[in-house]
Structure formats: structure tokens, C-alpha cells
Amino acid sequence: MGERAGGSLSSRWRWVVLLLALVFLMLGGVTAAGSVLDGTAVVSGVLVGAAGMALGVVGIWRGLLLGVTWSSEGVEVRGLQGTDRRSWAEVEAVGVRLTPHDLLVFVKHADVVLVLASGEEEWLSPLATYTLSEAVPRRVETKAALLREALARHHAQSRN
């Protein structure tokens, strides 16, 4: 196993997700406790507080998992909505995309993309970043290069 067989990547946005989830958890707890201590609107306060706490817990859980891992079998994309797995046999190439005007008029969205054998593209949103530049940021290119190396290793092994 001289070469790197697998790895893991994430984005700086992971910490923003975790911070927002923590805020939901704390606000939910304060809302529920406040309604119980105040004695007014206890049922609705506890329900709203519990919903906020549940969102916070799920956000923290998914935020901790947020990222992309790869192994000799393929790529696993763990986003906020769930986990998607692709075998290397399904992946034709790894690319990068820069989408203008995604957030604001002057902000661009840079993403690593798996080009699948079916012709579809799977955008690896857990690795996305925003930029003001007209070029894909170096950190996105670096992440794509690591996945390209893993794909090339798979193709080399499958030929042998």
C-alpha cells in the first residue's frame, strides 16, 4: 500500500454549518426552558423549542459528517441531505466548475464535479466554495487533483 489508497476532504463551510446548528440547538433549548419557566404558552414553547433543538442536533450530526471520502472502491459524498456512493467504475472523469451569479451578482460558486459514465455530472457540494475571482480557487483545484489521482489509480489497477 505504498500509494495513498484513500482519503477524505471537506470544505471550510463545514464549520459554518456546525456553528449554525449549534445556534439552533441553543435557541431551541432557551425557547423550551423559557416557556416552562414563564408558565405561558408552555406546550407551544416546548414544541417550538424541541423542533429547534432537533434541527440543531441533526445539523451538528450531518455537519460533522459533511465531506467527501474515497477508497479503492469509490467515492462517498456526505452532504446535509444524506450520503451518496459512487463506484470508480461509474466515474469517467473529475472536473471543476465555476458557476457565476449563484449567490450574488459578483460571487461565483466553485465546485468539484464527478463526470459519470452515463453523461451525468455529480457536483460535490460538500467541497464547494465561493469566490470573487474569475478563476477556480487553488484549494478547489487541489481537491479535484486528489480525486483525479485516485481515479487514475483505479483505472491503472483495473487494466492490470
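Note that this is a predicted model, so its numbers are computed, not measured.

Visitor: Explanation requested: the sheet that holds strand β3 (residues 74–78) in the structure shown.
Guide: Strands belonging to one sheet form pairs held by backbone hydrogen bonds; the direction of such a pair is parallel or antiparallel. Pairing within the open sheet is antiparallel, and its four strands lie in the order β1-β2-β3-β4. Sheet topology places β1 (7–9) and β4 (83–87) at the edges, where each strand pairs with a single neighbour. Neighbour-to-neighbour, the strand axes of the sheet open up by a mean angle of 15°, direction not taken into account. As paired strands, β3 and β4 are joined by five bridges and run antiparallel to one another. Residue E76 lies in a different strand from β4, and its bridge partner there is R85. Packing against the sheet, helix α3 (residues 138–159) makes contact with β1 and β2 (67–70), and its axis sits at approximately 25° to β2.

Visitor: Any chance you could explain the packing of helix α1 (residues 13–38) against helix α2 (residues 42–65) here in plain terms?
Guide: Think of two packed helices as two axes; the pair is described by the angle between the axes and how far apart they sit. Running from amino to carboxyl end, α1 crosses α2 at an angle of 160°, the nearest separation of the two axes being 7 Å. Between α1 and α2, the angle is such that the two are roughly antiparallel. Judged by the sense of rotation from one axis to the other, the crossing of α1 with α2 is left-handed.

The rules behind each value
Throughout, a residue's number is its position along its own chain's written sequence, starting from 1. Per-residue local features are limited, in this predicted model, to residues with pLDDT of at least 70; the limit for side-chain atom pairs, both in listing and counting, is 80 or more; totals at the level of whole chains, interfaces and linings are taken over all residues. Computation of side-chain values covers all heavy atoms of the structure but excludes hydrogens and water. Any two strands between which DSSP finds at least two bridges are classified as paired. Labels follow the DSSP assignment, with helices taken as runs of H or I lasting at least four residues and strands as runs of E lasting at least two, numbered in each case from the N terminus. Only C-alpha atoms enter the line fits that serve as axes; for helices the fit covers just the stretch in contact. Angles between N-to-C directions range over 0 to 180 degrees. Note on definitions: a residue-residue contact is assigned when non-hydrogen atoms from the two residues lie within 4.5 Å. Any angle from 65 to 115 degrees is called roughly perpendicular, while one under 35 is roughly parallel, one over 145 is roughly antiparallel, and all others are oblique. Rotating anticlockwise by less than a right angle from the far helix to the near helix defines a left-handed crossing, while the corresponding clockwise rotation defines a right-handed one.

Any link to function would need more than the numbers given here.
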